[in-house]
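Given next are the chains, with one letter for each unit.
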Amino acid sequence: MRYLLRKLAFYVVALWAALTLNFLIPRLMPGNPVDLMLSKLATKGPVTPTTRAAIEALLGTDANGSLWVQYGKYLHQLVSGDLGTSVAYFPAPVSQIIGQTLPWTVGLIGLATVISFLVGILLGRAAGWRRGSWIDNLIPVTTMLQSVPYFWLALLLLFLLGSTWPVFPLNGGYDVYSVTPGWNLPFARSVVYHGTLPALTIVVSSIGGWMLGMRNMMVSTLSEDFVVTAEAKGLTPRRIRSRYVARNAVLPSISGFAISLGFVVAGSIVTEAVFSYPGIGSALLLAVGNNDYALMQGVFLIITLAVLGANLLVDLLYGVIDPRTRARS
Amino acid sequence: MLRNPTNRTRTRRLVSAAAVTATALLLGACSGAANGGQPAAKDASITVAAGDITTKNFNPFSSTALQSTLGVIYEPLYWYNFAKQSDPTPVLATGYSWNAAGTELTIKLRHDVKWNDGQPFTAKDVAFTFNLVAKTPALNPSGLAATASAAADDTAVLTFKSKSLMQEPAVLANQAIVPEHIWKDIKDPTTNLNDNPVGTGPFKLKSFTPQSYVLTKNDQYWEAGKPTVKEVRYIPLQSADAASAALVAGKVDWASAYLPGIDNIMKSSKDLTYVNTPVMTTVIVTCANSGLGCAGPQTDPAVRKAINLAMNREQLAKLAGGGVAGVGSPTLLLPGRDDDWIADSGSAKLPQSASADEANKLLDAAGWTKGSDGVRTKAGKRLSLTIQTVTGWSDYILINDTLKQQLAAIGIELKPSQVSWNEWNAAQTNGKFQLSLDSVGLGASTNPYFTYNSKLATPNTAPVGKSASAGNQSRFSDPAVDAALTTAAGTTDAAVQKAEYGKIQAVIEDQLPYIPVYVNSMLTEFNTSRATGWPTKDNPYVLPAAWKAWDAGIVLKTITPAK
């Protein structure tokens, strides 16, 4: 119980620190939203001195208060669940934009990460078990794919599989021409079809790390005394592989997996930009371009919560799957 | 470069659902190439590449409204064409007149116009719209201060506090008229998203999702026989790459994007065509006025003139303009379209080649002497200037790099810097820059008053450190120019205005607060397989950029389904 409380207290402090940084960092950026909106208006039509007053009145004079006042207001709003109003998508509330874009990101990147992890771990287990086999030789290939810059790999695959041989669609989350979003089969099919190529690029570019890590842990675990004991006891190789070796070898990968799950929300910007995918990364990109503090904070908040949440979950889970990490109580 | 989607065998290797949809899609695409995409050619639907459409915002007062709100769903009283010099086109109005004092604008309205919910459009709606704007500062970016009333069902009268002739374009062509019967019940018109827009425009909203929305023909539209296109779909394509790929694949019919090597892309399909309508002049904004806090060698007019003379614009247009840029004018106006407004026809066009000798002479006379490293100095200060532009604006970056070499020949050191859009914009509006590449945006009408007033008038600038977001970022201030602007604003007589603009043109050609480079291209791409009648080079009946407010409505009601 004390273990749990201590962990929770640590996470509360971490959350506060993250929230404060989240508040400060966007405000250190140059420019302010009013000037930005004005300059964008100026390219499309006339802007007069009164326009400034109009935009300020529109956005509220929020951005002009002292930093402490803004900070207080920010914390108060967070507690009451109000993430503020977006400037870039004015007057839509931030929570609506996040609610609208997050499912796409979690669906695509989340599933791709899980698939990449599972396939990588299974391949790594096989490679570590049978060193020198063809699976083992696959590792240099996958690590090479991982070392290729992701955006380049994504663009290349998009060009080859989207334009040269149009097997997959070029962009978007679903076929906007023929299906209507909702719980229906054509829509689900379309989503899967549109998500396949982006997911493929993520899996291809990240599988190498999981595979290599798992393989090396398998190898070092295989030389442990308890494996020799197990073999001496006459256990079947299958049982030794999955219950004795793999179970111990997978532990470091699990913590890595938790961290990467937390970053599912954050790590999607490039993917979403390349594939024009309607996720939260596109929203964040737009928010940064528009000095949209409220939206940036909202997105960062989600990222922070996701990372902290994933870590907490693993910390708790670790106590269960690896008794050694449990504190003396 | 890109092939037609015909290879169907490949999909068999894919598994399950993906394969099913893939095949369906490819079949769709194949038939699309054959008969123009939509089954019934008679009432074709077309697709427009839009920017971001995440939020369903059809509020015509909102600066973040979806791009079809103004012009397609809501209409103004008049419409101005920026692609050529022409009289205003009547839309919801049929005539207007000012009283002698220039304080009262009487507008005659069109009969038989209906809102798309069936209610009749009357002068009450017009009066309501302008009164709403006047009493709500947040809706009033143009500073309109008029009280409006409906004198009769077809006559609206706007009363201004002072002589306001120059408010004409803002009133007539830049204000969407909203229905009183809907908007009188809207509590906060600034934040309302207006998700069921009721307008008079040629199209109305059919369905919306954050990834595509569809407008459908307004059957009660006032102009007989228009529109003929049945449906218009907007899809978000935010990058030029995405737009280019979608065009080639036949997925969009109308896109506005600068595509490098556009002629090659257009060659890939017989249905694709494009039009170039250069209207925005690329200029080097100089922080020119040391009186308002500008610092650096560019505050010396001789330096600005030397830069202007040493510029080889032919080379710049070829390298950075991609061969599609137009020739600019030292008056910051548009040669061709604005010839009538240029007082001295000799200065209608910019010299295209460099005259380094003259530039050298000018700098020598101003006391800038060449140092040992080839860079001029004066009173111990090197003639070194920083020019900023935005990271990723590849054409502007190229201008800076080319200019660096061109100016080195006359002993000016130019240091190009690339910053984020935010930083660039903040530096420019706050005057914390020496030189900055930007373009002269569109005014309220093609009358040069709006460009000159925004870029040169003293009330539109601010000392360095304060935001000059109204447009005069050069910090330029000249009593003669201000007086000329005041005189021009007080008359409707074009000859008097032209004489005043002539004075301004003489000053800016001499002072060069903005050094014009060329007129930037504005490329718009069309697919003619589903609809025809798009604007062309010979018939630029609109400024066809898909993002241009108001013009989109004109295009969409003019095009007709392809046979």
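Residues numbered from 1 in each chain as written. Chains lettered and ligands numbered in written order. Predicted model: local features only at pLDDT ≥ 70, side-chain atom pairs only at ≥ 80, totals over all residues.

Turning our eyes to something else, we now look at the pairing of strand β7 (residues 155-160) of chain B. Residue and element names in this part refer to chain B. Of the two faces of β7, the one lined by Ala156, Leu158 and Phe160 is fully buried and the one lined by Thr155, Val157 and Thr159 carries no buried residue. Here strand β5 (residues 104-109) pairs with β7 via 5 bridges, running antiparallel. Along β7, the bridge assignment pairs lysine 108 with threonine 155. The pairing of strand β6 (residues 146-152) with β7 spans 6 bridges and is antiparallel. Within β7, the position partnered with alanine 152 by the bridge is threonine 155. A loop of 2 residues connects β6 with β7, the two strands running antiparallel in sequence. (Buried ≥ 20, exposed ≤ 12 C-beta atoms within 10 Å, placed from the backbone. Helix = DSSP H or I, 4+ residues; strand = E, 2+ residues; numbered from the N terminus. Pairing = 2+ DSSP bridges.)

Residues and elements named next belong to chain B. As judged from the 6 bridges shared by strand β8 (residues 203-209) and strand β9 (residues 212-217), these two strands associate in the antiparallel manner. Bridge pairing in β9 places phenylalanine 203 opposite lysine 217. Where β8 folds back onto β9 in an antiparallel hairpin, the turn is made up of 2 residues. Across 4 bridges, β9 lies against strand β10 (residues 231-236) in antiparallel orientation.

On to the confidence of the model for chain B. Residue and element names in this part refer to chain B. Here chain B averages 84 in pLDDT, and 92% of its residues register 70 or above. The secondary structure element of chain B with the lowest average pLDDT is helix α1 (residues 16-35), at 34, and the one with the highest is helix α8 (residues 301-310), at 93. Per-residue pLDDT stays below 50 along residues 1-41; that stretch engages in 55 contacts with residues further than four places along the chain or on separate chains. Taken together, the chains of this predicted complex give a pTM of 0.79 and an interface ipTM of 0.72. (pLDDT = per-residue confidence, 0-100. Contact = placed C-beta atoms within 7 Å.)

Residues and elements named next belong to chain B. Across the sheet, 3 strands lie side by side as β14-β15-β16; this open sheet has antiparallel pairing. Two strands in the sheet have a free side with no partner beyond their single neighbour: β14 (369-370) and β16 (381-382). The pairing of β14 with strand β15 (residues 376-378) spans 2 bridges and is antiparallel. From the neighbouring strand, lysine 370 faces β15, where its bridge partner is arginine 376.

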